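Structural overview
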Amino acid sequence: MKTKLLAAFAAASVLALTGCSGGDEVGDVSLGMFTLKDIKINTFQDPKVPGVTCHVASIEANLSLADPSDSSVSCRQTGEITPEMIATIDRTKSGEVVFTKSKSILLKTMKIRRIYDAETQTLLYISYSTKETTGSFKHSLSTIPLWGTAAWENRPPVPAKSM
């Protein structure tokens, strides 16, 4: 009975992994025949700020229960960004998740989170994994300043902070 239950869980997990990729795959680069790992590149538009398109690169290990936590994100303005769009986003320091991709059958997930830096009027997109790897957390950051968009607010310059 335990064997059948374990087999059913494994099959359901594989189906869940393939169905939860998030975004559209636009690239697939092999890291070599003997590594059995590929770099997958996904693209997505920010759901609340559709004038932003992000590309996410992450490693997938085809015959492993968990993919490496390495990932990178690069986001660019590809359309209009309006004050109305910025008004709908989460403005807390933790921001909100805009992209999720399963990285293992053991609940490891790669996420992209949008954070708004109101002081510099910049959108920040950070890629990270929900599990610790090799003593450090792997992450990547991309920023989009609102300068030159309809969402930019003219206000007095912000004095520089000393570190």
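See the structure shown above.
Residues numbered from 1 in each chain as written. Predicted model: local features only at pLDDT ≥ 70, side-chain atom pairs only at ≥ 80, totals over all residues. Heavy atoms only, no water.

1. Observations regarding the side chain of Lys101
Counted only if it meets this: Runs of E in the DSSP output that reach at least two residues are strands. Runs of H or I that reach at least four are helices, and both are numbered from the N terminus. Three labels apply to residues, based on accessible area from a 1.4 Å probe with only protein chains included: buried if under 20% of the type maximum, exposed if over 50%, partly exposed otherwise in between. As used in this structure description, the phrase polar contact means that two N or O atoms lie within 3.5 Å; if the pair is within protein, one of them must be able to donate a hydrogen and the other to accept it, and residues adjacent in sequence are counted only when both atoms belong to side chains.
The topology assignment puts Lys101 in strand 5 (residues 96–102). The buried category is assigned to Lys101, whose relative accessible area is 2%. Within the structure, the side chain of Lys101 is placed 2.9 Å from the side chain of Asn42, a separation counted as a polar contact.

2. Things to note about the state of the cysteines
Here is the rule: For the purposes of this analysis, a disulfide is any pair of cysteine sulfur atoms at a distance within 2.5 Å.
Overall, the coordinates contain one disulfide when judged by the stated rule. Each sulfur in the disulfide pair Cys54 and Cys75 lies 2.1 Å from the other. Sign of the S-S torsion, about 110 degrees for the bond between Cys54 and Cys75, identifies this disulfide as right-handed. Taken together, the residues Cys54 in strand 3 (residues 52–61) and Cys75 in strand 4 (residues 71–77) connect sequence positions 21 residues apart. Each member of the pair, Cys54 as well as Cys75, carries the same accessibility label: buried.

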